[in-house]
Amino acid sequence: MNLDYPALRLLWWALLVLAVVCLVLAESLMLGVTMLLPQTGDEPARRRILADLGDVAAGLQAWLPTLAVLLFAAWPVAYAVLFASLQPLLLAMIPAWLLRLAGLCCRNEFAAGAWRQRWDRLLHYTGWLLAALLGVICGNLLKGMPFHFDNDMRIFFLGDVRSLLNPFALLMAATTTASCLLYGACYLQLRHTGEVAAAGTAWVYKAGAAFLLLFVITDLWVSRLEGYHVTTAIVEHAPSNPLSKFVKRGDGLWLDNYEHVPELAIVPVLAFLAAAGALLLTWLQRRYWAFLAATLGMVFATLTVAVSMFPFLLPSNRSLNSSLTLWDASASQAALAGLAWPTAVALPLLALLTRWSFRRVGRCAAG
Amino acid sequence: MLSDTVFELAAWQFMLACLPDLLFLPLTLGLGLIVAALQVLPATGPVLTLWTRLFAASFMLAFAGRLALLLLFGATGSYFAAYAGDAFAAPLALESLCTFLPAAVLLGPLLTGPERLGRRGQPAGSWLLAALLTLSMLWLAIALSWLENPVATTFEAWTFRLELDNLPALLDNPPVIGKFVHLLGTSGALAAATVLAISAWRMPGRSGAALAGSFRLAAVCGLASCLLLSLGDPTPQADNPVQQRKLALLAGKDADALQADVETHIRNGIAAYRQLQTIRDENRDPAVLADFARTRGDLGYALLLKRWTAHPEQANAAQIAEAARSALPAHPGLLRGCRWLMIAAGMISLLLFAAATVTSLRPAGPPAWLLRLAVRLAPLPWLASAAGWFLAVGGMQPWAVAGLLPDFLGVATLSAGETALALGATVFCVGCLLTLAALAVRNWPARYFPEDADES
């Protein structure tokens, strides 16, 4: 089946959103569990938790480079702009990720002295740091980043770290952190027993309530936030040239898509209901369903951001016309077409494979 | 115009960031093959545990290197990423999806041993992992071959990027198979040298007799790999002017004649650049477009001039001459030295592996002096690999994509301070990774094959 350029671009937007959702699930699981580490009890409990997580850590963490390379291949301009703009944050995040990988692998190796306690603390703090910074990135996607292109398409990032840490981004950071805690807690109470599960349940309530509150506040703020809208007619099959359009910015424009397609409003509502459902199901002692509900909550929360921003990928708040939309930041038709079907087949399979790896490990993870 | 400091720092950062990926990924593949082979040959207990552990460590180091590279690449090499991303990242995306991610997911269950996967599952899992890593090398070979012989892409004026127009042609790039074989050889040699050295180190100990099988396997594997490597990397023979110039220079041809050839390309490129500016000004005249289609192949040469002037179309003869001189590798002597180092290190390793194979087939096993030699000569394949990498990259100077994009242009528009910070972060990360690797190599063999304690 031969798809034309516009259809390919839409398909790839969907694939990108799918990859982001998988990454969100994978990362929040790891971050949530390590953020809750000090609350889970003493040494044997922590060893079990980290042994359990360490087995699947490589697979979960591998979603991050996968998303990066998919972005690189299908949306090269967006990849370049995103990472060029985020460089100050990345310099903090990359060592954090590398140290976490090392920690999850070799923390249980040696029992000597303070080795394990130090790694625990490291995993704990890097968990909080990464959850917050991922939220900051998400917030800046919605707010727009101060970049612009010159005539040769060189990317100029005109802000600094302080402009990335604006109030809205910090609110998103809080929301993301709460969601990671909720997800990690649901996982702990499902996977383990005894005091670890009890700690997990306690945190489900705390983090769940925080997340619900913050989610509502974020939604209200977004409805007042300056959104972006393309004013010139979108030529969907044209070559990817971001500078060939005009963009306007205005309060509340992120709600534009919901006005055009009112059915989309179900997405944030479902996110809220799923998270609330996780709390309810935990109270009813249905842990497996609580975990599923939390998963759905994360998925729909991510979809809310994607749906609100459509068709924008990376708005620019300094040079509005340099904003990247899915229609003018994509790779060439040949590239998209060549990669589309392998990706469309592989991504769901890989998600299932990742899920399978838990099952294999879980069979022997007795309490 | 880009500051030279920024460019130097960015170049160092790129080289350092690529290092874990280029050293540890082949090592991981090689160790994976050895572990898979050991599952079939009757090796169990501490031997299998040790090599599986090292394999996992190497995998994680390659993983970490890959993660850092992908994230930092977009940061400091963002113009390159946007310009060449279509063709360069396509094989890498396929690699991630088809091989790297599945391999990472399978790593956990594999390491937890036969009780999770079952008697049949464990060897099957090991072989699957090794197969996935081998495929991974193929995709890497495709991406690297494209850099050195960029086919299947054309420069598009409206997007200002190299757009891919033919994915099968990208995969069919002539140097790919040869480069893939070369990468396989490197993997085997690196892993074999490591296994040989560690086995040789612990074999004289009380419990080291169990390692004799590993020693033999490593020797045979290393011999086969070095023979593969002696076939050489065929990329310089590709039908690409940049590669041919590099070969000519290494063979001792006169630089002036080559420089004159480059100057012709530069003048063509300037014409293309002029037409490009016209087209970007919304001029769709078919004559201009046809002209551009003819000359755009040389646009990259005009971009060389950007180091000296912001307006290549106004460059004078002196600047053109300078740019032409910069298009040839500046230090052919250094490149020749690298090539000799690579070949010499390879030959010595070949002899070592051959001696190890022959002596390990004797009933008495390898002599003590050979064991000591194996430990001392272990870094040789690593040296050869690094020299080969330097030869490939240095020989491509000043190009990031041969003939299409100069490397100083690929760097993002960052200040010297920011680039220095990025370089510092890269040094920190790579340093940590290498330290962990060194710790693993020092501690684990001693733990599993202690000198004086009883075998556990």
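Everything below is about the structure shown above.
From a predicted model like this one, the values you see are computed outputs, not experimental measurements.

Trainee: What's the story with the pairing of strand β1 (residues 153–156) of chain B in this structure? I'm lost.
Mentor: Residues and elements named next belong to chain B. Burial along β1 is one-sided: the face carrying Thr153 and Phe155 is buried and the face carrying Thr154 and Glu156 is not. Two elements, β1 and strand β2 (residues 161–164), share 4 bridges in a ladder whose sense is antiparallel. The residue bridging Phe155 from the neighbouring strand is Leu162, located in β2. Connecting β1 to the next strand, β2, in antiparallel fashion are 4 residues, including Phe160 with a positive phi near 60 degrees.

Trainee: For this particular structure, what's the right way to read a nonpolar patch on the surface?
Mentor: All names here are of chain A. Together, Val216, Leu220, Ile266, Val269, Leu270, Phe272 and Leu273 make up a nonpolar patch on the protein surface, roughly 590 Å² of accessible area in all. Of all elements in the fold, only α9 (194–224) and α11 (266–283) reach the threshold of two or more residues within the nonpolar patch. Looking at the nonpolar patch element by element, the count peaks at 5 residues for α11. The residue Leu270 is located in helix α11 in this model.

Trainee: Which parts of the structure should I look at to understand the side chain of Gln189 of chain A?
Mentor: Residues and elements named next belong to chain A. Within the secondary structure, Gln189 is located in helix α8 (residues 167–191). Judged by relative accessible area, Gln189 falls into the buried class, the value being 1%. Each residue touching Gln189, except ones within four places of it in the same chain, is listed here: Ala197, Gly200, Thr201, Val204, Thr282, Arg287 and Ala290.

Trainee: Would you explain the packing of helix α6 (residues 175–202) of chain B against helix α7 (residues 212–229) of chain B in this entry?
Mentor: Two quantities define a packed helix pair, namely the angle between the helix axes and the distance between the axes. All names here are of chain B. Packing of α6 against α7 leaves a shortest axis separation of 8 Å and a crossing angle of 150 degrees. Regarding the angle of α6 to α7, the classification is roughly antiparallel. For the element pair α6 and α7, the recorded crossing hand is left-handed. Of the residues in α7, those touching α6 at Val181, His182, Gly185, Thr186, Gly188, Ala189, Ala192, Val195, Leu196, Ser199 and Ala200 are Ser214, Phe215, Ala218, Ala219, Cys221, Gly222, Ser225, Leu228 and Leu229. Residue composition of the contact of α6 with α7, grouped by class: 12 nonpolar, 8 polar and no charged.

Trainee: Would you explain the interface of chain A and chain B in this entry?
Mentor: Think of interface size as the accessible area that goes away when the parts come together; that is how it is often given. The interface of chain A with chain B comprises 61 residues on the first partner and 65 residues on the second. Summed over both partners, the interface of chain A with chain B buries about 5,700 Å², with 73% contributed by carbon and sulfur atoms. At the junction of chain A and chain B, the tally comes to 0 salt bridges. At the junction of chain A and chain B, the tally comes to 6 residue pairs in polar contact (both at pLDDT 80 or more). Only α2 (43–61), α3 (63–74), α4 (76–85), α5 (87–106), β2 (155–157) and α13 (333–362) of chain A provide two or more residues apiece to the side of chain A that touches chain B. Grouping the constituent residues of the side of chain A that touches chain B by class yields 43 nonpolar, 13 polar and 5 charged.

How each quantity is defined
- The residue numbering used here restarts from 1 in each chain and proceeds along that chain's sequence as written.
- By the order in which they are written, chains take letters starting at A while ligands take numbers starting at 1.
- Given that this is a predicted model, residues contribute local features only at a pLDDT of at least 70 and side-chain atom pairs are listed and counted only at 80 or more, while totals for whole chains, interfaces and linings are drawn from all residues.
- Hydrogens and waters are ignored; side-chain quantities use all the structure's heavy atoms.
- Partly exposed residues are those whose accessible area sits between 20% and 50% of the maximum for their type, while under 20% is buried and over 50% is exposed, using a 1.4 Å probe and protein chains only.
- Counting from the N terminus, the helices are DSSP H or I runs at least four residues long and the strands are E runs at least two residues long.
- In this scheme, strands are said to pair when DSSP sees at least two bridges between them.
- Here a patch means residues that are over 30% exposed by relative accessible area and free of salt bridges, tied together within 9 Å if like-charged and within 5 Å if nonpolar (Val, Leu, Ile, Met, Phe, Trp, Tyr).
- What sets the accessible areas is the Shrake-Rupley method with a 1.4 Å probe; for residues, cover comes only from the shown protein chains.
- For this analysis, a salt bridge means a side-chain nitrogen from Lys or Arg found within 4 Å of a carboxyl oxygen belonging to Asp or Glu.
- Contacts between residues were defined by any pair of non-hydrogen atoms, one from each residue, lying within 4.5 Å.
- Angular values range over 0 to 180 degrees, each being the angle between N-to-C directions of two axes fitted as lines to C-alpha atoms, with helices fitted over their stretch in contact.
- For classification, angles of less than 35 degrees are called roughly parallel, those exceeding 145 degrees roughly antiparallel, those between 65 and 115 degrees roughly perpendicular, and all remaining angles oblique.
- Note on convention: the crossing is left-handed when the near helix lies turned anticlockwise from the far helix by less than a right angle, right-handed when the turn is clockwise.
- Gly counts as polar in this scheme, as do all residues outside two lists: the nonpolar Ala, Val, Leu, Ile, Met, Phe, Trp, Tyr, Cys and Pro, and the charged Asp, Glu, Lys and Arg.
- By definition, the buried area sums, over both parts, the 1.4 Å-probe accessible area that each loses when the two are put together.
- Within 3.5 Å is the distance limit for a polar contact, defined as a pair of N or O atoms, with the added protein rule that one can donate a hydrogen and the other accept it, and that residues adjacent in sequence qualify only through two side-chain atoms.

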